[in-house]
Amino acid sequence: MANSAAVPATGNEPAAPVPSAALNEKVQALTISAAVAGESQRVIVAGKVFYPGDKVAEGLVLQEVYPGLIVFRDEAGALYTRRF
């Protein structure tokens, strides 16, 4: 039997922001020397420490740090990931 609690898509949901190829290249080119996940998330980019919510580069904000993965977002809300 199908899950009756599932809400069907109405087609009115806003489309997710599309990541920019230029910003994706910028993320991949960042010089990241350290990343710390957990309660005190932070990354070191080009010798400077950044915390979630900090602007790392023009148009790019640090979103979250997971073990082995860093997530950035742009002003439109599109997400960019980088393995570390």
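Anyway, here's the lowdown on the structure attached to this text. The shown structure was predicted, so the numbers you read here are calculated from the model rather than taken from an experiment. (Residues numbered from 1 in each chain as written. Predicted model: local features only at pLDDT ≥ 70, side-chain atom pairs only at ≥ 80, totals over all residues. Heavy atoms only, no water.)

The sheet built from four strands is open, its strands ordered 4-5-6-7 with antiparallel pairing. Only two strands of the sheet have a single neighbouring strand rather than two, namely strand 4 (55-57) and strand 7 (79-83). Averaged over all pairs of adjacent strands, the angle between strand axes in this sheet comes to 40°, irrespective of strand direction. In terms of strand pairing, strand 5 (residues 60-66) meets strand 6 (residues 69-73) through five bridges, oriented antiparallel. Residue pairing in the sheet places Y66 in a bridge with L69 of strand 6. Of the strands in this sheet, strand 4, strand 5, strand 6 and strand 7 are in contact with helix 1 (residues 21-29), which crosses strand 7 at around 25°. (Pairing = 2+ DSSP bridges. Helix = DSSP H or I, 4+ residues; strand = E, 2+ residues; numbered from the N terminus. Axes fitted to C-alpha atoms, helices over the stretch in contact; angles between N-to-C directions. Contact = heavy atoms within 4.5 Å.)

Spatial ordering of the open sheet is given by 1-2-3, a layout of three strands whose pairing is antiparallel. Edge positions in the sheet fall to strand 1 (32-36) and strand 3 (48-50), since each has one partner strand and no second. Strand-to-strand twist in this sheet, taken as the mean axis angle between neighbours without regard to direction, amounts to 15°. Of the pairings in the sheet, the one linking strand 1 to strand 2 (residues 42-45) comprises four bridges and is antiparallel in character. Considered in strand 2, the bridge of V36 is made with R42.

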